[in-house]
Amino acid sequence: MNEKNLELVQQCLKQFYVTEEQLQQIQAGILRDMEKALSRQTDPSPTVQMLPTYVRSTPHGTEQGNFLVLELGASGATLRVLWVTLTGTSGPRKEPISREFTIPPEIMLGTGQQLFDFAASCLVEFLDQLKVGSQHIQLGFNFSFPCHQTGLDRSTLISWTKGFQCSGVEGQDVVQLLREAIQRQGPLLPQGYSIDVVAVVNDTVGTMMSCDPRPQACEIGLVVDTGTNACYMEEARHVGELGEDQGRVCVNVQWGSFGDSGALEPVQTPFDLLLDRESLNPGTQRFEKMVGGLYLGELIRLVLIHLAGQRALFDGATSPALLTHGSVPIEHVMEIEDPSQGRARAQAVLQGLGLNPSSQDCQWVQQVCGAVCARAARLCAAALVAILARVEHNQERSQPGIAVATGGRICEQHPRFSTILQQTVKLLAPDSDVTFVPSEDGRGRGVAVVTAVASRLALHRRQLEETLAPFRLNSQQLKAVQVQMQEAMVRGLRGEASSLPMLPTYVCSTPNGTERGDFLALDLGGTNFRVLLVKVGSKSEGGVKITNQVFSIPESVTQGTGQQLFDHIVDCIVDFQKEHGLVGQILPLGFTFSFPCKQLGLDQGILLNWTKGFKASDCEGQDVVALLRAAIRRRKGVELNVVAIVNDTVGTMMSCGYEDPRCEVGLIVGTGTNACYMEELCNVSSVPGDQGRMCINMEWGAFGDDGLLKELCTPFDINVDKSTINPGKQRFEKLISGMYLGEIVRQVLLQLTHLGVLFGGEVSQRLQTKDIFKTKFLSEIESEGLERRQVRAILGALGLRVNCDDALMVREVCQAVSQRAAGLCGAGVAAVVEKIRENRGLEELNVAVGVDGTLYKLHPHFSEQVKDTVQRLAPRCSVTFLQSEDGSGKGAALVTAVACRLAAGAL
């Protein structure tokens, strides 16, 4: 008889065994549904709902303060109110004060107003007893039912579960219903209290958020309690409903409904089908009915009735209690599975049901409980592995391993559930580095943490916006800069006091395409110096061909004497001639000298002042061509024909003018910034004659040195200026160019760190180092294709502990600083093209701007932002931007070539 009964029991329990292949199919099915739901595909409709929770960040460990938590639906027919004091990871832990209220059955099945009035009355009663004094209270609402959130404090109930069936709530915002109920309780609230519902939180999200972020923040939350659910941190750009491309958001994976379209049929037993038919919501929540604690005891009860009917248990006897729905709660199941006391507890539980079990009956009942719960754990593991696959697919995760926060009575109290879950995860995902972290009261403390994080993010957002507000220039401010620059241009051309020198270059013509010959070019404008051989031919012969060599200039030379500097330049020229077989040839030479000069002729340039870190003595106020010629004379046996001194901006204009005759403006935005343009000679008071045009070197980096830009300068700009070798000078350049933008960003990051907005308030030693934040970092950080983990790598190299929130805010800082630079640059270009249009009395001007410089060329958005600003501020000018190819070298040669052409034509 025992053998037959054993066979009947084993046959029955075999139905609950799920193979590895079936688990993999379930995993794949859930993952497919997740991806469909994220992208909002509806054919076929996914049964898993991926609901954004609007929780944007995991805790940093700095969260502090007092918070009120209302918990509804997490533990069946109970409601819990908690007073949670958070002290951060460094403070002493304080246990929450809580009180549990039983929800009467008539309220669970009554109207929505009755339920929420009951909840509000519980809040009032709790606060009345707590006596914490008059204050504004922030409340987190743990509402553990399927909801569609449209904000952190806006959540619409999709459907009731867990035995609740209150009318008039489905399709309504439960936060608003709670607020209205609290308002109705207003007269009963202790005087001085006000309650602000900050966040509505699913218990799964609370579980994820409750865990200590050290050493690793949890990015997945798993709850197996009355019901089951999971959540995880997803890239916002993958969540179709949000329509966002920045940051992350916690997504509530409503996997309880997986299988509602039939995907679980291969693993469903007749007992699952019977349980579903007798439930309050037949045909729905199929996965939850195989995993959640509200149903496991009921499944076991149905199995026991079946086996008793086959006379395999209890000698075929049943009892009224065993035949009563809900008579086997999950607590009894967990007691029966206790490894040490389980057999005794099984006997007690069965006797409590009015049965008279034998020792063998108790053993087999244990096996029934084990089979049903083991299946639940394995199914849960398959679903969890689907989430792990999704998280690992996201390449912008903040950490290499994955921490999963677990909560709920089944996870916490069942003697074998967590072990089977973890073993199955390892079986299905052997390469995943997964750590399971038991939640610290996710429904209480976790909800308080969500509320605290929301408050922190809101505060930090305000502080970030206040800090960056001065960088966000509107069209009116940029228009004012344009007007001021045009006025400064006119004053400079007239020889009146102006921050714009408006220096004549004696370049009176752009290339016309007939230039021919071999030319040397020198390019000095930074710590690297170039010598070039430029062969200019017809465009049919290939146009301009360039051979060049780069030589470094040691800091000892840039900071030494002028004689040392120019002797070094001549040494480099001689080395180049030897390398390229030019010894003995006397070629026309153009000298690109990218520093402010007052030109007295095409081959005469008086250095006004050094910029870009140069400080060679005995040069300012001197003719740099004469200094070069003197160095040539000192080098015996060397002859060079210096024809022209050329500013790199002029060279850029000439280089692009060779390709497009409309090019009459040159712009440099790199280490420094400058502009030039073709001005009517009649407007240039320092040069005789009133016919034709001449290129004017604006030296616009000095714009604002007379105080015009004072209102636009932030405290960060002032700090940067003070630390330069030329404080008070080149104010426009210090707002725009690559030499300074990184340092401005560093100053802003320091301020935000001191405010606690960034890096947990910890300032690294490297971040305090001047010029450690390179401008190239702005280009890298603002690149669309650059993942946040690469941004974190850039910042991590500076000794900064960076999380996802930090990476996003650093990007915003970079964007604000570079957008201001681009806006100001665009305002300057608009001033120039409008000046040209007005000079010529044109209704419309069609002009090209030749541009060079690493910031303009390499920054992902700078060039477009400049163009957009010019279009807005100078709508009557059609401006084409041409990127120069070696303007400082090729352009210098072309200036020389044009000069030679004009000289030959004059003979």
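Please refer to the structure higher up on the page.
As a starting point, this report considers the structure included with it.

### Considering the pattern of salt bridges
Applying the stated criterion across every chain yields a total of 42 salt bridges. Between Arg456 and Glu63 there is a salt bridge whose closest N-O contact spans 3.0 Å. Of this pair, Arg456 sits in helix α15 (residues 442-468) while Glu63 sits in the loop between β1 (49-52) and β2 (64-72), placing them 393 residues apart in sequence. Of the residues examined, Arg456 reaches a relative accessible area of 9% and is grouped as buried. A relative accessible area of 8% places Glu63 in the buried class. Notably, a salt bridge pairs Arg662 with Asp660, separated by 2.9 Å at the nearest N-O pair.

### Remarks on empty space enclosed by the protein
Tallied over the full model, the rule gives eight cavities of 30 Å³ or more. The space that makes up the largest cavity amounts to roughly 120 Å³. Broken down by secondary-structure element, the contributors of at least two residues to the lining of the largest cavity are α6 (203-210) and β10 (228-235). A per-class count over the lining of the largest cavity returns three nonpolar, ten polar and three charged. Here the second largest cavity defines a volume of roughly 100 Å³. Ser594, Lys612, Thr673, Asn674 and Glu699 are the residues nearest the centre of the second largest cavity, which is lined by 14 residues in total. Mapped by element, the contributors of at least two residues to the lining of the second largest cavity are α20 (648-659) and β23 (673-680). A breakdown of the residues in the lining of the second largest cavity according to their chemical character gives two nonpolar, eight polar and four charged.

### Here's the deal with the sheet that holds strand β26 (residues 877-883)
Spatially, β14-β24-β23-β22-β25-β26 is the arrangement adopted by the six strands of the open sheet, whose pairing is mixed. Of all strands in the sheet, those with a lone pairing partner are β14 (503-504) and β26, marking the two edges. Bridge analysis of strand β22 (residues 663-669) against strand β25 (residues 845-852) gives five bridges, and the strand direction is parallel. Of the residues in β25, the one forming a bridge with Ile668 is Asp852. Running over the sheet, helix α26 (residues 804-839) touches β22, β23, β25 and β26 and is turned about 5° from β23.

### What to know about the side chain of Gln482
Mapped onto the elements, Gln482 comes out in helix α16 (residues 475-494). On the basis of relative accessible area, Gln482 is assigned to the buried category, the value being 1%. Once you skip the residues sitting within four places of it in the chain, Gln482 turns out to touch Ala827, Ala830, Ala831, Glu834 and Leu873.

### Structural notes on the packing of helix α2 (residues 20-39) against helix α12 (residues 359-393)
Here α2 crosses α12 at 45°, and the two axes come no closer than 8 Å. Between α2 and α12, the crossing angle belongs to the class labelled oblique. Every pair of crossing elements has a handedness; the one defined by α2 and α12 is right-handed. Across from Glu20, Leu23, Ile26, Gln27, Ile30, Leu31, Met34, Glu35 and Leu38 in α2, the residues of α12 making contact are Arg378, Leu379, Ala382, Ala383, Val385, Ala386, Ile387, Ala389 and Arg390. Of the residues that constitute the contact of α2 with α12, the class distribution is 13 nonpolar, one polar and four charged.

### So, the environment of Leu323
Position of Leu323 relative to the elements: it lies in the loop between α9 (293-309) and α10 (330-336). Leu323 gets classed as partly exposed once you look at its relative accessible area, which sits at 48%. Separated by 18 residues in the primary sequence, Leu323 and Ile305 have C-alpha atoms spaced 7.4 Å apart. Apart from the residues within four sequence positions on either side, Leu323 is in contact with Arg301, Ile305 and Thr318.

### A look at the nonpolar core
Residues Tyr232 and Trp255 are the most contacted members of the largest nonpolar core, which totals 119 residues. The greatest single-element share of this core, amounting to 22 residues, is contributed by α12. In this structure, Ala675, Val748, Ala816 and Leu873 belong to the second largest nonpolar core, which totals 87 residues.

### Considerations on the side chain of Ser279
Mapped onto the fold, Ser279 is located in the loop between α7 (270-277) and α8 (288-291). Take Ser279: its relative accessible area is 18%, and that puts it in the buried class. Side chain to side chain, Ser279 and Lys289 meet in a polar contact 3.0 Å long.

### Focus on helix α5 (residues 174-184)
Buried residues of α5: Val174, Val175, Leu177, Leu178, Ala181 and Ile182, and no others. Mapping the buried residues of α5 onto a view down its axis gives an arc of 160°, with all of them on the same face. Against β2, α4 (112-130), β5 (136-143), β7 (154-157) and β8 (194-201) lie the buried residues of α5. Of the residues flanking the start of α5, the one acting as N-cap is Asp173, its side-chain oxygen 3.0 Å from the backbone nitrogen of Val175.

### With respect to the sheet that holds strand β9 (residues 220-224)
Overall, mixed pairing links the six strands, which are arranged β1-β11-β10-β9-β12-β13 in an open sheet. Looking at strand neighbours, the two that pair on one side only are β1 and β13 (434-438), the edges of this open sheet. Sheet twist, expressed as the average angle between the axes of neighbouring strands with direction ignored, equals 25°. As defined by bridge partners, strand β12 (residues 402-407) adjoins β13 across five bridges and the pair is classed as parallel. Bridge pairing in β13 places Ala405 opposite Val437.

### Section: unusual backbone geometry
Across the junction of Asp43 and Pro44, the peptide omega takes the value -10°, indicating a cis bond. Examined against the element boundaries, Pro44 turns out to sit in the loop between α2 and β1. Of note, the phi angle at Glu699 is positive, near 50°, even though the residue is not glycine. By the element assignment, Glu699 lies in the loop between β24 (693-697) and α21 (715-722). Here Phe759, not a glycine, exhibits a phi torsion of approximately 55°, which is positive. Tracing the chain through its elements places Phe759 in the loop between α23 (738-754) and α24 (775-781).

About the criteria used
- Residues numbered from 1 in each chain as written.
- Predicted model: local features only at pLDDT ≥ 70, side-chain atom pairs only at ≥ 80, totals over all residues.
- Heavy atoms only, no water.
- Salt bridge = Lys/Arg side-chain N within 4 Å of Asp/Glu carboxyl O.
- Helix = DSSP H or I, 4+ residues; strand = E, 2+ residues; numbered from the N terminus.
- Buried < 20%, exposed > 50% of the residue type's maximum accessible area, 1.4 Å probe, protein only.
- 1 Å grid on protein atoms, 1.4 Å probe; cavity = no way out; pocket = protein on both sides within 12 Å on 5 of 7 lines; lining within 4 Å.
- Points joined across faces, edges and corners; volume = space filled by probe spheres on them.
- Nonpolar A, V, L, I, M, F, W, Y, C, P; charged D, E, K, R; others polar.
- Pairing = 2+ DSSP bridges.
- Contact = heavy atoms within 4.5 Å.
- Axes fitted to C-alpha atoms, helices over the stretch in contact; angles between N-to-C directions.
- Parallel < 35°, antiparallel > 145°, perpendicular 65-115°, else oblique.
- Left-handed = near helix turned anticlockwise from the far one by under 90°.
- Core = buried A, V, L, I, M, F, W, Y, C linked by side-chain atoms within 4.5 Å.
- Polar contact = N/O pair within 3.5 Å; in protein donor to acceptor, adjacent residues only side chain to side chain.
- Arc of directions from axis to C-beta.

So, to be careful, I would describe these as geometric facts and stop short of saying anything about function.
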